[in-house]
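These are the residues of each chain, in order.
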Amino acid sequence: MASSMRSLLADPSRYLRSFRVFLAKSTEHQSMQEFVERQLPGVVASIGNGKSAINILSVGGGAGEIDLLILSVVQARYPGVTINNEVIEPSAEQILKYKEHVAATTNLENVKFTWHEETANEYENRMNAEKKSKKWDFIHMVQMLYYVKDIPATIRYFHSLLEAQAKLLIIVVSETSGWETLWRKHGSSLPLDDLCTYVSSAGIKGMLDSAGLKYQLHELPSNIDITSCFIEGDKDGELLLDFLTETCEFSKTAPPELKRQIMEELRKPGCSENRNGKVLFNNNLSVIVIEP
């Protein structure tokens, strides 16, 4: 690996810029929104039965767009019930955006928000140090397990915090996605270091099976328009390439041969399809709902 290549997460502001381009170019949020509207009501149908308050923990809540969709579904199922929504999110910038989204959203009178500017691991350590183990009715981890050091331990810890009727919901990229192909072939050449771990639904299912946990799986089709990645000097394309490879300034710092291989790989059927002159990267997601 060329020494000039470094993890995208080493530059938080560039990471956020590349993440925003990814969201703009992908159908990720639309796919999640469709799941939340159609399938989530069934998932949360019994989490608040007989309760005067429902406790929800968002692990890696980001800017809160998906969290607010989830809250609206819980509110519809349990009208008027108090919801305590706590958010674990290490990025101060994302928390600020989250608060702006909350301020712009109506009908949140019965929702109490608490933000913790820390990682999932820092939260766990703090709770252990304070000898607290608050129980939750619903915990969700949307696209965040790539950023924890010990994925099985993180799942075990948060699973241990579930109430009897609760659910733990995880969203990660699917084993059928282009990510699986790209990272299996080239992950070892990219500067992942310990800030980011590649994992897909295959890895999570293996962990849950070996832990003997019961779960349901939902597959969500999604894609990313990566056409701009193939336009020399395109700023959005460069940021998108950074996001796909988790590498800061990939197109400038990658060794020429690695860059050639990855650009070639991104066009192949294992990663993408060509449709109406666009290159659409397979961004399929898996939703895994775990029982207590």
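Residues numbered from 1 in each chain as written. Predicted model: local features only at pLDDT ≥ 70, side-chain atom pairs only at ≥ 80, totals over all residues. Heavy atoms only, no water.

Put simply, the rule reads: UniProt positions are given in the numbering used here, feature names are shortened, and annotations may be inferred rather than shown by experiment.
The name recorded for the chain in an unreviewed UniProt entry is HNMT methyltransferase, from Chauna torquata. Quoted verbatim from the Subunit (unreviewed entry) heading of the UniProt record, the comment on the chain is "Monomer."

### Topic: the sheet that holds strand β9 (residues 278-282)
Here is the rule we go by: One bridge is not enough; two strands pair if DSSP finds at least two bridges between them. Numbering of helices and strands starts at the N terminus; helices are DSSP runs of H or I of at least 4 residues and strands are runs of E of at least 2. Lines fitted to C-alpha atoms define the axes here, with helix axes fitted over just the stretch in contact, and angles between the N-to-C directions of these axes take values from 0 to 180 degrees.
If you walk across this open sheet you meet the 3 strands as β7-β9-β8, and the pairing is antiparallel. Only two strands of the sheet have a single neighbouring strand rather than two, namely β7 (223-225) and β8 (272-275). With direction set aside, neighbouring strand axes in the sheet form an average angle of 30°.

### Focus: the sheet that holds strand β6 (residues 215-220)
How we decide: Note on definitions: a residue-residue contact is assigned when non-hydrogen atoms from the two residues lie within 4.5 Å.
Read across the sheet, 7 strands follow the order β3-β2-β1-β4-β5-β10-β6 without closing on themselves; strand pairing throughout is mixed. The open sheet has two edge strands, β3 (111-116) and β6, and neither has a second partner. Strand-to-strand twist in this sheet, taken as the mean axis angle between neighbours without regard to direction, amounts to 15°. Sheet analysis places β6 next to strand β10 (residues 285-290), joined by 6 bridges and oriented antiparallel. Considered in β10, the bridge of Leu-220 is made with Leu-285. In the packing of helix α4 (residues 65-77) onto the sheet, contacts are made with β1 (53-59), β2 (82-88), β3 and β4 (136-142), and the angle to β2 comes to roughly 160°.

### Let's talk about the UniProt feature "binding site: substrate" (unreviewed entry) in the chain
As a reminder of what qualifies: Each polar contact in these results corresponds to two N or O atoms within 3.5 Å; when the atoms are within protein, one needs to be able to donate a hydrogen and the other to accept it, and residues that are neighboring in sequence are counted only if both atoms are side-chain atoms.
In the numbering used here, UniProt assigns the feature "binding site: substrate" (unreviewed entry) to Glu-28 and Asn-283. Look at the named residues: they lie 256 residues apart in sequence, but the longest C-alpha span between them is just 7.5 Å, so in the fold they bunch up. Its place among the elements puts Glu-28 in helix α2 (residues 28-38). The contacts of Glu-28, once residues within four sequence positions are left out, are Phe-22, Gln-143, Ser-222, Asn-283 and Leu-285. Here Asn-283 is in contact with Phe-22, Ser-26, Glu-28, Val-173, Ser-177, Trp-179, Ser-222, Asn-223 and Ile-224, once residues within four sequence places are set aside. A distance of 3.0 Å separates polar atoms of two side chains, one belonging to Asn-283 and the other to Glu-28.

### Here's the deal with the packing of aromatic side chains
Rules: When the centres of two rings from Phe, Tyr and Trp lie within 6.5 Å, Trp using its six-membered ring, the rings pair. Their planes under 30 degrees apart give stacked, over 60 give edge-to-face, and anything left gives tilted. Partly exposed describes any residue whose relative accessible area lies between the buried limit of under 20% and the exposed limit of over 50%, with all areas from a 1.4 Å probe on protein chains only and scaled to the type maximum.
Considering all chains together, one arrives at 15 aromatic pairs under this definition. Ring centres of Tyr-15 and Phe-19 lie 6.2 Å apart, and the angle between their planes is 5°; on these two criteria the pair is classed as stacked. Placement of the pair is Tyr-15 and Phe-19 together in helix α1 (residues 12-25), with a separation of 4 residues, close to one helical turn. By relative accessible area, Tyr-15 is classed as buried at 14%. Ring geometry for Trp-179 versus Phe-281: centroids 5.3 Å apart, planes at 80°, classification edge-to-face. With Trp-179 in helix α8 (residues 178-186) and Phe-281 in strand β9, the pair connects residues that are 102 residues apart, well separated along the chain.

### Observations regarding α8
Among the 9 residues in α8, 7 count as buried, and that is most of the element. Among the residues of α8, Gly-178, Trp-179, Glu-180, Thr-181, Leu-182, Trp-183 and His-186 are the ones counted as buried. Those residues of α8 that are buried are in contact with β5 (162-173), β7, α10 (235-245), α12 (256-267) and β9. Two or three places before Trp-179, at the start of α8, stands the capping residue Ser-177, its side-chain oxygen 3.3 Å from that residue's backbone nitrogen.

### Considering the environment of Met-32
The topology assignment puts Met-32 in helix α2. Exposure remark for Met-32: the relative accessible area of 2% places this residue in the buried category. A sequence separation of 14 residues divides Met-32 from Ser-18, and the C-alpha atoms of the two residues are 20 Å apart. Every residue in contact with Met-32, bar those within four places of it in the chain, is listed here: Ile-66, Val-142, Gln-143, Ile-171, Leu-220 and Leu-285.

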